[in-house]
Amino acid sequence: MDFELSEDQRALQAAAQAFAAAEMAPFSAIWDRESHFPVPTLRKAAGLGFAGLYLSEDLGGSGLSRLDAALIFESLAYGDVASTAYLTIHNMTSWLIDRFGDDALRRRYVPRLCTMELIASYCLTEPGAGSDAAALATTARRDGETYVLNGTKAFISGGGISDVYVVMARTGGAGSGGISAFVVEKGTPGLSFGALERKMGWNAQPTAQVHFDNVRVPLGQRIGGEGEGFRFAMMGLDGGRLNIAACSLGGGALALDTAQAYLAERRQFGRPLRDFQALQFKLADMATELEAARLMVRRAAAALDAGRPDATKLCAMAKRFATDAGFQIANEALQLHGGYGYLADYPLERIVRDLRVHQILEGTNEIMRVIIAREMFR
């Protein structure tokens, strides 16, 4: 058991930290205030290999491990949580095509996804199928050499902006075994989008419904075989949960560092806030929770890389713990700032807003508990 990062991992971490400091952190507040989706910045990140982190090297991917990816996403999220979170979704979606698509599908999309010439979205959730994802109602009816898709997807990051949508749709009977996965391109007749959602946070990425009205998709756009889509979706989410947990680490780390600096500078009752033991204890607890969360994320990532049978459980544990911890750390950091924490002049209120959704997406933290318990009783 070695807790030290390798030389290569430290280099990756340093590169991500440098990019975040130069290209993300100075603009994070502006992106949030103006609801700006920083596509040029994301494409710069792609130039460093960050858009295809664990995709195959033969088509332009970086071929890195899930642990490597967790280090990079934590570092990027320190600069901006919302845009980094979108980058994690793009990576997860692109991986599904690379991992499970046939050679023709991979060659059609993977090289351009790795450069972010094409931007990707993941379409599983529906207005009536959130936590119960296997109850999805979007259908894909076979008609000769095409499938005809009908239905609606909800809360889709990149909806209306992305070029490529990986869509889970029902080709068979009820339940998870009747679900297949498809690649649908923007501009396909019958594909349309709802209005951009007005959200509490994640303003630096667009969110909208995606509508399918007799959308015809060629047979070659199916990922894998019929009935395999739900299994692919869940495998993607194991990594997706790690990725979003890593983003919570980055946001939590920024909140903690901001609070520590504030306690050193701010004076009340004739002395710095850092001299008050009650506040020292609070900061100590925040640091401890962050370190525990970081260790859980890295252990789960190592388990996923190793193909361990308990990887799904460990990923759910890490996601539940790290996203809860990240939000709580940010909320405590805001409280330590008093009224200043509530002002947009400081990053705390933005971090709180951006991290809150991490406890909901990629499977709510209540569903993480369901997964953990289910795996315990297998």
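Here the structure is a predicted model, which is why all the values come from computation and not from measurement.

1. Observations regarding a nonpolar patch on the surface
Stage number 1. A surface patch of nonpolar side chains, amounting to about 430 Å² of accessible area, comprises Met1, Phe3 and Leu295.
Stage number 2. Checked against the element boundaries, leucine 295 lands in helix 8 (residues 277-306).
Stage number 3. Leucine 295 gets classed as partly exposed once you look at its relative accessible area, which sits at 40%.

2. With respect to the nonpolar core
Stage number 1. Core analysis: the biggest nonpolar cluster contains 104 residues, and Leu76, Leu87, Ile97, Tyr122, Met168 and Ile223 have the highest contact counts within it.
Stage number 2. A per-element tally of this core places helix 7 (residues 229-265) first, with 17 residues.
Stage number 3. For tyrosine 122, the residues in contact, after removing those within four places along its chain, are Ile89, Met92, Thr93, Leu96, Ile156, Val166, Met168, Ala233 and Leu237.
Stage number 4. Formed by 15 residues, the second largest nonpolar core is a distinct cluster that contains Tyr147, Val167, Ala169 and Phe182.

3. A closer look at helix 8
Stage number 1. Here helix 8 is 30 residues long and its end C-alpha atoms lie 43 Å apart, about the 44 Å a rise of 1.5 Å per residue gives.
Stage number 2. Where helix 8 is concerned, the buried positions are Leu279, Leu283, Met286, Leu290, Ala293, Arg294, Val297, Ala300, Ala301 and Ala303.
Stage number 3. Against helix 4 (66-79), helix 7 and helix 9 (311-336) lie the buried residues of helix 8.

4. What to know about the state of the cysteines
Stage number 1. Across all of its chains, the model carries zero disulfides by this definition.
Stage number 2. Counting only cysteine sulfurs, cysteine 247 is the nearest neighbor of cysteine 123, a cysteine outside any disulfide, at a range of 19 Å.
Stage number 3. The class for cysteine 123 is buried, based on a relative accessible area of 0%.

5. Considerations on the packing of helix 5 (residues 81-100) against helix 7
Stage number 1. One can describe the packing of helix 5 onto helix 7 by two numbers: an axis separation of 9 Å at closest approach and a directional angle of 155°. Compared by their axis directions, helix 5 and helix 7 come out roughly antiparallel. Crossing of helix 5 over helix 7 shows right-handed handedness. For the pair helix 5 and helix 7, contact is made by Val81, Thr84, Ala85, Thr88, Met92, Trp95, Leu96 and Phe100 and by Phe232, Met235, Gly236, Leu237, Gly240, Asn243, Ile244, Cys247 and Gly251, respectively.
Stage number 2. Its residues assigned to classes, the contact of helix 5 with helix 7 shows eleven nonpolar, six polar and no charged.

6. Comments concerning the side chain of arginine 353
Stage number 1. Its place among the elements puts arginine 353 in helix 10 (residues 348-356).
Stage number 2. A distance of 2.8 Å separates a polar atom in the side chain of arginine 353 from a polar atom in the side chain of glutamate 349.
Stage number 3. Ignoring any residue separated from it by four or fewer positions in sequence, one finds arginine 353 in contact with Asp32, Met200, Gly201 and Asn203.

7. A look at the packing of helix 7 against helix 10
Stage number 1. The contact between helix 7 and helix 10 brings their axes to 10 Å, and the two run at 160°. With respect to each other, helix 7 and helix 10 are oriented roughly antiparallel. Considering how the two elements wind past one another, helix 7 and helix 10 form a crossing that is left-handed. Here Cys247, Ser248, Gly251, Gly252, Leu254, Ala255 and Thr258 of helix 7 lie close against helix 10, whose contacting residues are Leu348, Ile351 and Leu355.
Stage number 2. Across the contact of helix 7 with helix 10, the residue classes break down as six nonpolar, four polar and no charged.

8. Notes on the packing of aromatic side chains
Aromatic ring pairs are defined here through the distance separating the ring centres and the angle between the ring planes.
Stage number 1. A full pass over the atoms with the stated rule returns eight aromatic pairs.
Stage number 2. Taking 6.1 Å as the distance between ring centres and 25° as the angle between the ring planes, the aromatic pair formed by phenylalanine 27 and tryptophan 31 counts as stacked.
Stage number 3. Take phenylalanine 27: its relative accessible area is 35%, and that puts it in the partly exposed class.
Stage number 4. Judged by its relative accessible area of 6%, tryptophan 31 falls in the buried class.

9. Re helix 6 (residues 103-114)
Within an α-helix, residues lying three or four positions from one another point in the same direction, as the helix has 3.6 residues per turn.
Stage number 1. The end-to-end C-alpha separation of helix 6 is 16 Å, in line with the 16 Å expected for twelve residues at 1.5 Å each.
Stage number 2. For helix 6, the full list of buried residues reads Leu105, Arg106, Tyr109, Val110, Leu113 and Cys114. The arc enclosing the buried residues of helix 6, seen along the axis, measures out at 125°, which places them on a common side.
Stage number 3. At the N-terminal boundary of helix 6, the capping side chain belongs to aspartate 102, with an oxygen 3.2 Å from the backbone nitrogen of alanine 104.
Stage number 4. Count one or two residues on from helix 6 and you reach methionine 116, which has phi positive near 65°.

What counts and how
Residues numbered from 1 in each chain as written. Predicted model: local features only at pLDDT ≥ 70, side-chain atom pairs only at ≥ 80, totals over all residues. Heavy atoms only, no water. Patch = residues over 30% accessible without salt bridge, like charges linked within 9 Å, V, L, I, M, F, W, Y side chains within 5 Å. Areas by Shrake-Rupley, 256 points an atom, 1.4 Å probe, with all protein chains shown as cover. Salt bridge = Lys/Arg side-chain N within 4 Å of Asp/Glu carboxyl O. Helix = DSSP H or I, 4+ residues; strand = E, 2+ residues; numbered from the N terminus. Buried < 20%, exposed > 50% of the residue type's maximum accessible area, 1.4 Å probe, protein only. Core = buried A, V, L, I, M, F, W, Y, C linked by side-chain atoms within 4.5 Å. Contact = heavy atoms within 4.5 Å. Expected span 1.5 Å × (residues − 1). Disulfide = S-S within 2.5 Å. Axes fitted to C-alpha atoms, helices over the stretch in contact; angles between N-to-C directions. Parallel < 35°, antiparallel > 145°, perpendicular 65-115°, else oblique. Left-handed = near helix turned anticlockwise from the far one by under 90°. Nonpolar A, V, L, I, M, F, W, Y, C, P; charged D, E, K, R; others polar. Polar contact = N/O pair within 3.5 Å; in protein donor to acceptor, adjacent residues only side chain to side chain. Phe/Tyr/Trp six-rings, centres within 6.5 Å; stacked < 30°, edge-to-face > 60°. Arc of directions from axis to C-beta.

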